[in-house]
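Residue strings, one per chain:
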Amino acid sequence: MKILSVVGARPNFMKIAPIVRAIRAHKGIQHILVHTGQHYDHAMSGSFFKDLGIPKPNINLGIGSGSHAKQTAEIMMAFEHVLMKVKPDVVLVVGDVNSTMACSLVATKLRIAVVHVEAGLRSYDRNMPEEINRLVTDSIADLLFTTSEDADKNLIKEGLPKDRIYFVGNVMIDTLMNNLVAAQRLNILSKFALKKKAFALVTLHRPSNVDSKESLSKIMNAFKVIQNKIPIVFPVHPRTKKNLEKFLSKNELMKMKQMVFIEPLGYLDFLALMNEAKFVITDSGGIQEETTVLGIPCLTVRENTERPITITEGTNTLVGLNTDKIIKESLKILKGQGKKGRRPKFWDGKASTRIIKTLVALHKQGRLLR
Ligand code: UD1
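Heads up: these notes are all about the structure in this document. (Residues numbered from 1 in each chain as written. Predicted model: local features only at pLDDT ≥ 70, side-chain atom pairs only at ≥ 80, totals over all residues. Heavy atoms only, no water.)

Brief notes about the environment of valine 171
And step 1. Within the secondary structure, valine 171 sits in helix H7 (residues 171–184).
And step 2. Residue classification places valine 171 among the buried residues on the basis of a relative accessible area of 3%.
And step 3. Here the alpha-carbon distance between valine 171 and histidine 237, two residues 66 residues apart in the chain, equals 23 Å.
And step 4. With sequence-adjacent residues up to four places away left out, valine 171 is seen in contact with Met14, Lys15, Pro18, Ile19, Val117, Ala351, Ser352 and Ile355. (Helix = DSSP H or I, 4+ residues; strand = E, 2+ residues; numbered from the N terminus. Buried < 20%, exposed > 50% of the residue type's maximum accessible area, 1.4 Å probe, protein only. Contact = heavy atoms within 4.5 Å.)

This is the structure:
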């Protein structure tokens, strides 16, 4: 079997790493890795290949940034050439970024089977570009691998046939479990002069939070208060950096004495910091899942989440774009009233093995032929 898998943006890399590993454990699979180049900085891409031991992509499309239409269209045009040359049996895509949707569309039109890992997640918020990417990808994929049973229900509600859906667990957690020990060895606290469980960790990058002055100020106003109580470490995404510089004065930022702005971190450094943090404030999808497994309270700066299991079973709380709520929930955690959760089913480090086992079995039965 010839599998071509696709990565494009930062959250894809931790999802593909354990899948590549599981593929390599099978002699009968030929694997081709394609990077669309959606993310291209070392801090957003290269460092993850190094940290996670992902092999150098066989092909890099080098597409880079652009408007949604431009980025998606350029990926599609370049990827079509690749597929016509490589002719894989299966195109495997992960997550919900523009690269995921673009490559699924191209493959399905060339009648190549599409496999979507992390299918069925729904925020039911079509203002999020990722929600559109999820809806399109799932509607055309031949096989849908899900991280939780709520995702299966979403897909069935949308009329997708049950025999295409496989609940296999969370590949992001495979990566976390494969790397936690190495991360713990990094001595990260001394690197940033921090004390165990005595700092908060922040990430922000959603356009709805960082692209307008009003939204970004609402969040930064909460941080102004919280950093008086506990240092806040903030690795800043390139999109957020541009907007912080545009919307807020240097003077204003400098006044926040316990706010530590740093460059985006590599996977191991970030995992190490997250594991030692008192709590996390984020708008990322993956971090909601990782904090649930690490048992660290997570405040999510969004009105909804496509990962509801992190709320019902995990440590996640939605705080919305609400300055008072961000402060109130942070203070609650500082008083020792943070949420304690449990680990969802199949978030056990074996999701990738289940995926590859299923793919091999279905291929043998001829069910991946189009
Ligand atoms: C993308 C994904 C989002 C994911 C996020 C993780 C989509 C629709 N969005 O959003 O789901 O959570 O990645 O980061 O696919 N930039 C750089 N260097 C880079 C990459 C980007 O400077 O290596 C800058 C560019 O100026 C670019 C901006 O960041 O315009 C945004 O990048 P883009 O790929 O459009 O989307 P993200 O906001 O990163």
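After presenting the structure, the write-up continues.
Some points on the sheet that holds strand E3 (residues 59–60)
And step 1. Here seven strands make up an open sheet; going across it, the order is E3-E2-E1-E4-E5-E6-E7 and the pairing parallel. Both edges of this open sheet fall to E3 and strand E7 (165–167), since each of them pairs with a single strand only.
And step 2. Contacts from helix H17 (residues 351–364) reach strand E1 (2–7), strand E4 (90–94), strand E5 (113–119), strand E6 (143–146) and E7, with the element oriented near 160° to E6. (Pairing = 2+ DSSP bridges. Axes fitted to C-alpha atoms, helices over the stretch in contact; angles between N-to-C directions.)

Considering unusual backbone geometry
Most peptide bonds take the trans configuration, and most residues that are not glycine carry a negative phi.
And step 1. Phi angles above zero are rare outside glycine, and arginine 111 is one such case at about 60°.
And step 2. Within the secondary structure layout, arginine 111 lies in the loop between helix H4 (98–109) and E5.
And step 3. The phi angle at asparagine 187 is positive, at roughly 60°, despite the residue not being glycine.

Side note on the packing of aromatic side chains
And step 1. Counting across every chain of the model gives six aromatic pairs.
And step 2. Aromatic side chains phenylalanine 145 and tyrosine 166 sit 5.9 Å apart centroid to centroid with 45° between the ring planes, which places their arrangement in the tilted category. Taken as a pair, phenylalanine 145 in strand E6 and tyrosine 166 in strand E7 lie far apart in primary sequence, 21 residues in all.
And step 3. With relative accessibility at 23%, the residue tyrosine 166 sits in the partly exposed group.
And step 4. One Lys or Arg, lysine 345, reaches over the ring of phenylalanine 346 and ends 5.2 Å from the middle of that ring.
And step 5. Sitting over the face of the ring of phenylalanine 346, arginine 354 holds its NZ or CZ atom 4.0 Å from the ring centroid. (Phe/Tyr/Trp six-rings, centres within 6.5 Å; stacked < 30°, edge-to-face > 60°. Lys NZ or Arg CZ within 6 Å of the ring centre and 35° of its normal.)

Things to note about the pairing of E4
And step 1. Most of E4 is tucked away: five of the five residues are buried.
And step 2. By the alternation rule, side chains of E4 split into Val90, Leu92 and Val94 and Val91 and Val93, which are all buried.
And step 3. Judged from the three bridges that link them, E1 and E4 form a sheet pairing that is parallel. Bridged to serine 5 within E4 is leucine 92.
And step 4. In this sheet, E5 lies alongside E4 in parallel orientation, the contact comprising five bridges.

Topic: the sheet that holds strand E13 (residues 316–318)
And step 1. Taken together, the six strands give an open sheet; going across it, the order is E10-E9-E8-E11-E12-E13, and neighbouring strands pair in parallel fashion. Edge positions in the sheet fall to strand E10 (259–262) and E13, since each of these pairs with one other strand and no more. Neighbour-to-neighbour, the strand axes of this sheet turn through a mean angle of 20°, independent of strand direction.
And step 2. Sheet topology places strand E11 (residues 279–282) next to strand E12 (residues 298–300); three bridges connect them, and they run parallel. Directly across from valine 280, in E12, lies its bridge partner cysteine 298.
And step 3. Contacts between helix H10 (residues 213–226) and the sheet are confined to strand E8 (200–203), strand E9 (232–235), E10 and E11, with E9 contributing the most and set at about 145° to the helix.
And step 4. Those strands touched by helix H13 (residues 267–276) are E8, E9 and E11, and its axis lies near 135° from that of E8.

As far as function goes, none of this settles anything; it's purely spatial.
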